[in-house]
Structure formats: structure tokens, C-alpha cells
Amino acid sequence: MAVLQIKDIHKDFGKTKVLKGISFSLEKGEVLAIIGSSGSGKTTLLRCLNFLETPSSGEIIVGDESLFNSENKSRISDEEIRKKRLHFGLVFQSFNLFPQYNVLKNVMIAQELLAKEAFKKGKEYNGCKTMEQANEYIKNKSLDLLKNVGLFEKTKAYPCELSGGQKQRVAIARALGLSPDILCFDEPTSALDPELTGEVLKVIKGLKSSDSTMIVVTHEIEFAAEVADKVIFMSDGVIAEEGPPSQVIENPKNERTKAFLSRFHG
């Protein structure tokens, strides 16, 4: 069964139609790369999946749970939206780290808030019965994540002391801390100098081998060809072409896809 199903998602901003009927599905462990020119709707799609924007119509299904269905007209509460967001992790272009906290705290803080919310409702948090137990669990988990992204020695450093590549790796560890079903990346290397891009892409490649389900919006065409199981080319709010990298990137059929890729092939 698909871990994610996107059915006919539309998104309008006033009279401007940004997404015009997006549909696709992902199996567990698959990596989807979304490519396309700026303004094609890629980031808006990710924001809709993460409930930072509300789709105008369509349906979002994770596993067997319908997270959003435009036919359900009842208002979704803020608490329900927060709960739905937990199915997705989003790594932004610009890191969005808290400058006042060190690296370890940046990775821990969202998990700590979830733990406090669970205890407030009289529930356990990942088998922990007290906040003290939860803090120890969260700290150890966060240290393991930082080790996995190659930043174990930077736990006490602050964002201002890190390179762009290191900041993005902290952001990846933070997103993984919430154990999302699907991890989303919005142009994760666009804010980086070229020499720092490789270290972030290496971490994402490593996540693929750990069976993570990922959606990566990227202009790194070679990376998409190497890592993705599926590639979607978006143009003007629609999916113009979809398939394996060998088709979409190496042998595109759509003229818009060919024109876009020609910029990278010279």
C-alpha cells in the first residue's frame, strides 16, 4: 500500500491558480525528486503537504488515513493541523534554526514540546512516563541523529558558528527527530556555496539507504538522476512529465521537459 497518495490537489491564491490538479503516490522507502522552473508550483505543493498552506481542493492520504479532503467542509482546528504535520518533516532552503540555541537544543526542542504536550494530556511519550525520562531519551536520540549527519562534535556550537552546509545538516537532524512518515526537502542546497552542496547531498543519499521516504524539490539534476526512484517535472502548476530518472531526465518525451533540461546540458 502507498505511504502517500496525492489526489487532484489544487491551490489558488485569489484568482491566481498555482496548483492545477496534482496527483501522485509514493511507496515506503521511495525517493521522489520534483524538478521544474521557479514559479512552477513546487514549493507551494510542499507547503500544502506540510499544512503550511491549505489546498483549495483535492485529497492527501498518508497510509490509510485521509489527512485532508476538500469535500469535508468542517474547519480543522490548530491542534489537528499540528498533528497532521507530524506525518511530514520539512527541511527549508534557509535552515530556520533558532540562533539563541546550540545545535543540540535546536534538534531537541520540537521533540521536547511534543513530550510536554503528551504529558499534559496524561499520555506517555515513546514509553517515557516522566519528563525527566523523556528528556534523557530525546537527548540520546538527538545525539545519535547529529552523529549520523556528521555533526556530533558540534553539539555545543551555535548556528552563527556553523557553515551553511552544517546548518542544513542540523536542520535535517531536527526534521528526523520527529520521525516523520515522509521527509520533504525544499531546494536544500539552494542557499549554499557550491563547495558545501556535496556534504548535504551526501547526507540525503545516506537517508535513502536507511529506507526513508522522501520528496526532494531540487535543481541538482545529476543528484535527482542518481538518487530518485521517481522524477516529476512540474510546469505551470501541473505535472508535465512523471517517471523514473531514466525516462524523465535521460529521455524526456514532453517538449517542456526537454527545454528545461537543455539548460543543464548546454
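For the structure, see preceding data.
Since the model is a prediction, treat every value here as computed from it, not as a measurement. (Residues numbered from 1 in each chain as written. Predicted model: local features only at pLDDT ≥ 70, side-chain atom pairs only at ≥ 80, totals over all residues. Heavy atoms only, no water.)

### Details of the overall build of the protein
Next, step 1: Each helix and strand counted, the protein has 9 helices and 10 strands in total.
Next, step 2: Relative to the compact-globule value of 18 Å for 266 residues, the protein shows a C-alpha radius of gyration of 19 Å, a close match.
Next, step 3: Across the 266 residues that make up the protein, the buried fraction comes to 50%.
Next, step 4: Restricting to contacts in the protein with at least 6 residues of sequence separation, those with at least 24 account for 64%. (Helix = DSSP H or I, 4+ residues; strand = E, 2+ residues; numbered from the N terminus. Rg over C-alpha atoms; globule rule 2.2 N^0.38 Å. Buried < 20%, exposed > 50% of the residue type's maximum accessible area, 1.4 Å probe, protein only. Contact = heavy atoms within 4.5 Å.)

### Quick notes on the sheet that holds strand S7 (residues 182-186)
Next, step 1: On the basis of which strands lie adjacent, the open sheet formed by 6 strands has the order S6-S7-S8-S3-S9-S10 and mixed pairing. Two strands close off the open sheet at either side, each with one partner strand: strand S6 (88-91) and strand S10 (238-243). Direction aside, the axes of adjacent strands within the sheet are offset by 20 degrees on average. (Pairing = 2+ DSSP bridges. Axes fitted to C-alpha atoms, helices over the stretch in contact; angles between N-to-C directions.)

### Examining the packing of aromatic side chains
To describe a pair of aromatic rings, one takes the distance between the centres and the angle between the planes.
Next, step 1: Evaluated as defined, the whole model comprises 3 aromatic pairs.
Next, step 2: With 5.9 Å between their ring centres and 70 degrees between their planes, Phe98 and Tyr101 make a pair best called edge-to-face.
Next, step 3: With centroids separated by 5.3 Å and ring planes inclined at 40 degrees, the aromatic side chains of Phe233 and Phe260 adopt a geometry described as tilted. With a gap of 27 residues between them, Phe233 in strand S9 (residues 230-235) and Phe260 in helix H9 (residues 255-265) connect regions that are remote in the sequence. For the pair Phe233 and Phe260, a shared accessibility class is recorded, and that class is buried.
Next, step 4: Above the ring of Phe13, the side-chain terminus of Lys11 is found at 4.9 Å from the ring centroid.
Next, step 5: Note that Lys105 overlies the ring of Tyr101, its terminal NZ or CZ placed 6.0 Å from the centroid. (Phe/Tyr/Trp six-rings, centres within 6.5 Å; stacked < 30°, edge-to-face > 60°. Lys NZ or Arg CZ within 6 Å of the ring centre and 35° of its normal.)

### Considering the pattern of salt bridges
Next, step 1: Here the structure, examined in full by the defined rule, presents 12 salt bridges.
Next, step 2: Taking the shortest distance from any N to any O, the salt bridge between Lys17 and Asp12 comes out at 3.7 Å.
Next, step 3: For Asp12, a relative accessible area of 26% puts it in the partly exposed group.
Next, step 4: For Lys121, the salt bridge identified is with Glu117, shortest N-O distance 3.6 Å. (Salt bridge = Lys/Arg side-chain N within 4 Å of Asp/Glu carboxyl O.)

### Description of helix H4 (residues 131-148)
Next, step 1: The terminal C-alpha atoms of H4, which comprises 18 residues, lie 25 Å apart, in line with the 26 Å expected from a rise of 1.5 Å per residue.
Next, step 2: Inspection of H4 places Ala134, Ile138, Lys141, Ser142, Leu143, Leu145 and Leu146 among the buried residues, and these make up the whole buried set.
Next, step 3: Summarising the contacts, the buried residues of H4 are in contact with helix H3 (103-120) and helix H5 (164-177).
Next, step 4: Following H4 by one or two positions, Gly150 adopts a phi angle in the positive range, close to 75 degrees. (Expected span 1.5 Å × (residues − 1).)

### Here we look at helix H6 (residues 194-209)
Next, step 1: Over its 16 residues, H6 extends 24 Å from the first C-alpha to the last, a length consistent with the 22 Å expected when each residue adds 1.5 Å.
Next, step 2: Turning to H6, its buried residues are Leu196, Thr197, Val200, Leu201, Val203, Ile204 and Leu207. Seen from one end, H6 has its buried residues packed into an arc of 155 degrees, which puts them on one side. H6 presents Glu195, Lys202 and Ser209 as exposed residues on the side facing more than 90 degrees away from its buried surface.
Next, step 3: Residues of H6 that are buried sit in contact with H5, S7, strand S8 (214-217) and helix H7 (221-227). (Arc of directions from axis to C-beta.)

### A few points about the packing of H3 against H4
Next, step 1: For the pair H3 and H4, interaxial distance at closest approach is 9 Å and the crossing angle is 145 degrees. Regarding H3 and H4, the two cross each other, and that crossing is right-handed. Residue-level contacts link Val103, Leu104, Val107, Met108, Gln111, Glu112, Ala115, Lys116 and Phe119 of H3 to Met131, Ala134, Asn135, Ile138, Lys139, Lys141, Ser142, Leu143 and Leu146 of H4.
Next, step 2: Classifying every residue of the contact of H3 with H4 gives 11 nonpolar, 3 polar and 4 charged. (Left-handed = near helix turned anticlockwise from the far one by under 90°. Nonpolar A, V, L, I, M, F, W, Y, C, P; charged D, E, K, R; others polar.)

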